[in-house]
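Coordinate analysis (summary)
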There are 2 protein chains.
Amino acid sequence: MEVESLSQHTSRSFSKDLAGIHNLVLTMGGLVEEQFDRAVKAIAEADSELGLGIAESDRHVNEMEMRIDEECRRILATRAPAARDLRLIVAAMKTITDLERIGDETEKIGQLAARLATVKRPSTNFRELRNLTHHVKGMIRDALDAFARMDVQQALEVMKADEIVDEEYEAISRQSLTFMLEDPRTITREMELCWAARALERIGDHTKNICEHAIYMAHGTDIRHSSLTSVESEISLASSARQTIP
Amino acid sequence: MEVESLSQHTSRSFSKDLAGIHNLVLTMGGLVEEQFDRAVKAIAEADSELGLGIAESDRHVNEMEMRIDEECRRILATRAPAARDLRLIVAAMKTITDLERIGDETEKIGQLAARLATVKRPSTNFRELRNLTHHVKGMIRDALDAFARMDVQQALEVMKADEIVDEEYEAISRQSLTFMLEDPRTITREMELCWAARALERIGDHTKNICEHAIYMAHGTDIRHSSLTSVESEISLASSARQTIP
């Protein structure tokens, strides 16, 4: 009886450890989302102070990454997790690396916002960049949601959305080049714009990675470097195989 | 006696597993180094075929990443490593993420080399880029060496070298902007040059990360997001504390 209650206790506190990791990753994701919103606002409102202030909040993101990593290592060393539990820990450790990089790119966007605040704004008022940020923002939100609910289908949707982000980034780069060639006075501004677009494109990539980790966590399949079509058919095959098991 | 030989056997095969991971990471590092050398050659010799061919070898790098990750997860699930052994596995999983990203950036440099092969070369023949690639190449080699020998001191030296890479990258960006402003006909070429320099700067960052993982593996200290000065004093303090233990 004593052994049983001890094992129940261990199992309960282990579940609590795992839920704790899952929550910490989502809290870190929330911090990164907030930081991203501020960077976007700093560009839209030409607010250089807001842009430069992002470095401060990025420190919190970095601290969280180290804290979660430490907690994951503690669980690995003391609980020796296997199967699904191990997948959660591995996915968490990989996800926070991508979140930390999103934080870094967001900090760069903040710095670019500060520089863009000092230049003459184009007649479009950076509308093309606003569309791109809008898409990336949606991707981050939906990826964290897919991670929270371990929702494979939603993770796949976010991965598809990254294709739109890549296309928009390419369009902005081409347009900037055209502007620069037409009017060399725009070179400095358009270069900054290109860097900001590039940072957004990379945030899209990291968000896509988070979806890959969420799918691995929920489904046990490592889908990195696979085409989306092959991933979808593999996952649907595996799901129907599971359903036929009595 | 039977139990003892079984435990010896387990411990021997566990050590083999760990040494296997260490070697696989270094093999993957070797592949990435080769890929980098080809990208650099493609720029220097305006060889577009060589540049575009890098995508093929990047597939091998990606496959290795997935293979090593799988092997690490197998060891975590079946061996429940702790202490130094766990540090090796965690450091390996993080290092291969950075190696894979170096592979990605190198693939991009290959594509840029293919495009740069078609433009009129500047009188400098991209000398400034050659200096930067030379530094980054040295960083990759030394970082892999520090990982191989678990050499904290060398890892710290590589991290210091990244500061030079950052400075050179900034200098190239400024120079490119000047060229574009002086002669708008150079805009397309200088933009490509900037992207290549940026990719090199990022490779420097990933190489620095590898050094952080090597230090964590060898020393057990998570030095991410710390200043180099504080890291050096922390490590030297910890080392002298160890020496005074009888």
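Scroll up for the structure.
Not measured: the values here are computed from a predicted model. (Residues numbered from 1 in each chain as written. Chains lettered and ligands numbered in written order. Predicted model: local features only at pLDDT ≥ 70, side-chain atom pairs only at ≥ 80, totals over all residues. Heavy atoms only, no water.)

1. A closer look at the environment of A:Met64
All names here are of chain A. For Met64, the location among the structural elements is in helix α2 (residues 48–79). For Met64 and Glu107, which are 43 residues apart along the polypeptide, the C-alpha to C-alpha distance reads 16 Å. Dropping the residues within four chain positions of it, Met64 is found in contact with Leu24, Thr27, Met28 and Leu31. (Helix = DSSP H or I, 4+ residues; strand = E, 2+ residues; numbered from the N terminus. Contact = heavy atoms within 4.5 Å.)

2. Re the packing of aromatic side chains
Within this structure, the stated rule accounts for one aromatic pair over all chains. Geometrically, the ring pair formed by A:Trp195 and B:Trp195 is edge-to-face, given 4.7 Å between the ring centres and 80° between the ring planes. Taken as a pair, A:Trp195 in helix α6 (residues 187–219) and B:Trp195 in helix α6 (residues 187–219) lie in two separate chains rather than in one. The burial state of A:Trp195 is the same as that of B:Trp195; both residues are buried. For the cation-ring pair, A:Arg198 lies above B:Trp195, with the distance from its terminal atom to the ring centre recorded as 4.4 Å. (Phe/Tyr/Trp six-rings, centres within 6.5 Å; stacked < 30°, edge-to-face > 60°. Buried < 20%, exposed > 50% of the residue type's maximum accessible area, 1.4 Å probe, protein only. Lys NZ or Arg CZ within 6 Å of the ring centre and 35° of its normal.)

3. A short note on the interface of chain A and chain B
At the interface, 37 residues of chain A touch 37 residues of chain B. A combined buried area of about 3500 Å² lies between chain A and chain B, and 60% of that area is made up of carbon and sulfur atoms. Contact with chain B buries surface across chain A, with A:Arg73, A:Trp195 and A:His225 losing the most and accounting together for 17% of the total. For the interface between chain A and chain B, the tally reads ten salt bridges. With its nearest N and O atoms 2.7 Å apart, the salt bridge here joins B:Asp69 to A:Arg224. (Buried area = accessible area lost by both parts, 1.4 Å probe. Salt bridge = Lys/Arg side-chain N within 4 Å of Asp/Glu carboxyl O.)

4. Looking at α6(B)
Residues and elements named next belong to chain B. Taking 1.5 Å per residue, 33 residues should reach 48 Å; α6 reaches 47 Å between its end C-alpha atoms and fits that length. Across the 33 residues that make up α6, a large majority, 30, are buried. Two residues or fewer past α6, Gly220 is found with a positive phi of approximately 80°. (Expected span 1.5 Å × (residues − 1).)

5. So, the relation of the copies chain A and chain B
Once turned by 180° and shifted 0.0 Å along the axis, chain A lies on chain B with an RMSD of 0.0 Å. Here the transformation between the copies is reduced to the relation of a two-fold axis. Across chain A, the smallest distance between a C-alpha and the rotation axis is recorded for A:Ala80, namely 2.5 Å. Both copies present the same face, since 100% of the interface residues in chain A are matched by interface residues at the equivalent positions in chain B. (Least-squares fit on C-alpha atoms with pLDDT ≥ 70 in both.)

6. Brief notes about the environment of B:Cys72
Residue and element names in this part refer to chain B. Considering the arrangement of structural elements, one finds Cys72 in helix α2 (residues 48–79). Judged by its relative accessible area of 0%, Cys72 falls in the buried class. Along the chain, Cys72 and Asp17 lie 55 residues apart, while their C-alpha atoms are 9.1 Å from each other. Apart from the residues within four sequence positions on either side, Cys72 is in contact with Ile21, Ile89, Ala92 and Met93.

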